[in-house]
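Examination of the molecular architecture
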Amino acid sequence: MATVELRFSALPEHVRTARLVAAAVARRAGVDEAVLDEVRLAVGEACSRAVSLHQSSGVSAPVRVALTEEEKRFSIEVGDEAPHAVMTSADDVGAGDEAADSDDQMGLAVISGLVDDVQVSADESGGVIRMSWPAASAPALS
Amino acid sequence: MDLSLSTRTVGDRTVVEVGGEIDVYTAPKLREQLVELVNDGSYHLVVDMEGVDFLDSTGLGVLVGGLKRVRAHEGSLRLVCNQERILKIFRITGLTKVFPIHTSVDDAVAATD
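Since we're looking at a predicted model, the values are computed, not measured.

Here we come to the interface of chain B and chain A. Contacts between the two partners involve 23 residues from chain B and, on the opposite side, 21 residues from chain A. A buried area of about 2000 Å², summed over both sides, lies between chain B and chain A, and 57% of it is on carbon and sulfur atoms. At the junction of chain B and chain A, the tally comes to five salt bridges. Between Asp23 of chain B and Arg19 of chain A there is a salt bridge, with its nearest N and O atoms 2.8 Å apart. Where chain B touches chain A, the interface holds six residue pairs in polar contact (both at pLDDT 80 or more). Among the elements that line the side of chain B that touches chain A, the one with the most residues is helix α2 (residues 57-71) of chain B, at eight residues. Of the residues that constitute the side of chain B that touches chain A, the class distribution is 10 nonpolar, five polar and eight charged.

So this is what it looks like as structure tokens:
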């Protein structure tokens, strides 16, 4: 079971809340302070992407974020319920423009550039971005 | 934390001072500001990001969009940024090759090439 779970309406204004919660739980789980910026950015990218997928495909379901303390790892899953056609590669990013597609690509590029352990999966019923970071074995006391 | 924007003119450059968080929620405000400047004939922009606490790919998309707009008028878009955590995002997306990034507004305003 996730340590903390979050569901929010697919609206841009809630992405910041998800970032703040994720960073707070990551800190408690013992993720290094120097890495918290990456956690914040990566979860924000994943949530922004989910919000835009829900909005563009007219899905009214909330975006799901599961934050889990594991032994010496901290993992985040961001799930959407938008139907995905084909998996796209996050590697091929040009200068980009303002089109939703390229924002999506840039978001994935940022995530894959930041996070060593990341898995992106998707099918017709939705997609999940799963990321994890090392954490101290004993949770921080503060 | 919201986004703050203020603009001032220095010579033939327009300096846009950005503060706060540029993300999926606030980026449209920055986009509107850049579009408005270009529509009003300001084609040489300096975006001062020293007060930016957070930048994501939506923000990058807006900056790239701004660059495309000024380039259509043979203009320029320069960034001012010294914050490592912000610079890192430009590096991992390869955008350091796309944007001239300066260490101070004075430097950006004086730059010509």
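Still to come is the rest of the account.
This next bit is on the pattern of salt bridges. Using the criterion set out here, one finds 14 salt bridges over all chains in the structure. Two residues, Arg85 of chain B and Asp37 of chain A, come together in a salt bridge whose shortest N-O distance is 3.1 Å. Of this pair, Arg85 of chain B sits in helix α3 (residues 84-92) while Asp37 of chain A sits in helix α2 (residues 33-56), on two different chains. The exposure class of Asp37 of chain A is partly exposed, given its relative accessible area of 28%. Where Arg73 of chain A meets Asp117 of chain A, a salt bridge forms, and the shortest distance between an N and an O atom there is 3.8 Å. In this pair, Arg73 of chain A sits in strand β3 (residues 73-80) while Asp117 of chain A sits in strand β4 (residues 117-123), placing the two residues 44 residues apart along the sequence. By relative accessible area, which is 29% here, Arg73 of chain A ends up partly exposed. Counted as one network, the salt bridges with shared partners bring together Arg16 and Arg19 of chain A together with Glu21 and Asp23 of chain B.

Conventions and cut-offs
- Residues numbered from 1 in each chain as written.
- Chains lettered and ligands numbered in written order.
- Predicted model: local features only at pLDDT ≥ 70, side-chain atom pairs only at ≥ 80, totals over all residues.
- Heavy atoms only, no water.
- Contact = heavy atoms within 4.5 Å.
- Buried area = accessible area lost by both parts, 1.4 Å probe.
- Salt bridge = Lys/Arg side-chain N within 4 Å of Asp/Glu carboxyl O.
- Polar contact = N/O pair within 3.5 Å; in protein donor to acceptor, adjacent residues only side chain to side chain.
- Helix = DSSP H or I, 4+ residues; strand = E, 2+ residues; numbered from the N terminus.
- Nonpolar A, V, L, I, M, F, W, Y, C, P; charged D, E, K, R; others polar.
- Buried < 20%, exposed > 50% of the residue type's maximum accessible area, 1.4 Å probe, protein only.

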